[in-house]
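Spelled out from the first residue to the last, the chains are:
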Amino acid sequence: YQRAQMIKSVLEENGIETIRVFPNPAFNEITVSLSDGSLRYYMIMDALGKVKFSRVVNEKESTIISLKGMDAGLYFISFTDHHGNKITKKIVKL
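Let us look at the structure shown here.

The rules behind each value
- Residues numbered from 1 in each chain as written.
- Predicted model: local features only at pLDDT ≥ 70, side-chain atom pairs only at ≥ 80, totals over all residues.
- Heavy atoms only, no water.
- Helix = DSSP H or I, 4+ residues; strand = E, 2+ residues; numbered from the N terminus.
- Polar contact = N/O pair within 3.5 Å; in protein donor to acceptor, adjacent residues only side chain to side chain.
- Buried < 20%, exposed > 50% of the residue type's maximum accessible area, 1.4 Å probe, protein only.
- Phe/Tyr/Trp six-rings, centres within 6.5 Å; stacked < 30°, edge-to-face > 60°.
- Pairing = 2+ DSSP bridges.

## Here we look at unusual backbone geometry
Stage number 1. Backbone torsion omega between F22 and P23 reads -15 degrees, so that peptide bond is classified as cis.
Stage number 2. Mapped onto the secondary structure, P23 falls in the loop between β2 (18-22) and β3 (29-34).
Stage number 3. With omega at 15 degrees, the peptide bond leading from N24 into P25 counts as cis.
Stage number 4. Its location among the elements puts P25 in the loop between β2 and β3.

What follows is the structure in structure tokens.
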């Protein structure tokens, strides 16, 4: 049961594309899987909205994001595509 929760992924359609973030919750890294590679930017914020870091995304369908050095807790990852559309997801760092 606990392992099933650890590898649970988020799959969501929201105008820009399908984005999967897994595992969630995560220990040291998450993988962001994109349906079409149109994402250009992401930003991770803590529960208070403070930006922890942001990066430009390479034109790939999958990106690994390190969570090392971040405290355990709730974070938000916000994605922006080439047209300025945004989607935000919750991630939990263990």
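Read on, since the account is not over.
## Describing the side chain of K93
Stage number 1. Inspection of the secondary structure puts K93 in strand β8 (residues 86-93).
Stage number 2. Within the structure, the side chain of K93 is placed 2.8 Å from the backbone oxygen of F27, a separation counted as a polar contact.

## Focus: the side chain of N24
Stage number 1. Residue position: N24 is located in the loop between β2 and β3.
Stage number 2. Judged by relative accessible area, N24 falls into the buried class, the value being 8%.
Stage number 3. Within the structure, the side chain of N24 is placed 2.9 Å from the backbone oxygen of K90, a separation counted as a polar contact.
Stage number 4. A distance of 3.0 Å separates a polar side-chain atom of N24 from the backbone nitrogen of V92.

## Notes on the packing of aromatic side chains
Stage number 1. Taken as a whole, this structure holds one aromatic pair when the rule is applied.
Stage number 2. A ring pair is formed by Y42 and F53, whose centres lie 6.4 Å apart and whose planes are at 80 degrees; its orientation type is edge-to-face. Here Y42, found in strand β4 (residues 39-46), pairs with F53, found in strand β5 (residues 51-56); they are eleven residues apart in sequence, far enough to count as distant.
Stage number 3. On the accessibility criterion, F53 (16% relative accessible area) is buried.

## Section: the pairing of β8
Stage number 1. Because side chains alternate across β8, one face comprises the buried residues I87, K89, I91 and K93, and the other comprises K86, T88, K90 and V92, none of which is buried.
Stage number 2. Taken together, the eight bridges between strand β7 (residues 73-81) and β8 define a ladder with antiparallel strand orientation. Paired with G73 across the two strands is K93, which belongs to β8.
Stage number 3. Hairpin remark: β7 followed by β8, antiparallel, with four residues in the connecting loop; positive phi at G84, about 90 degrees.

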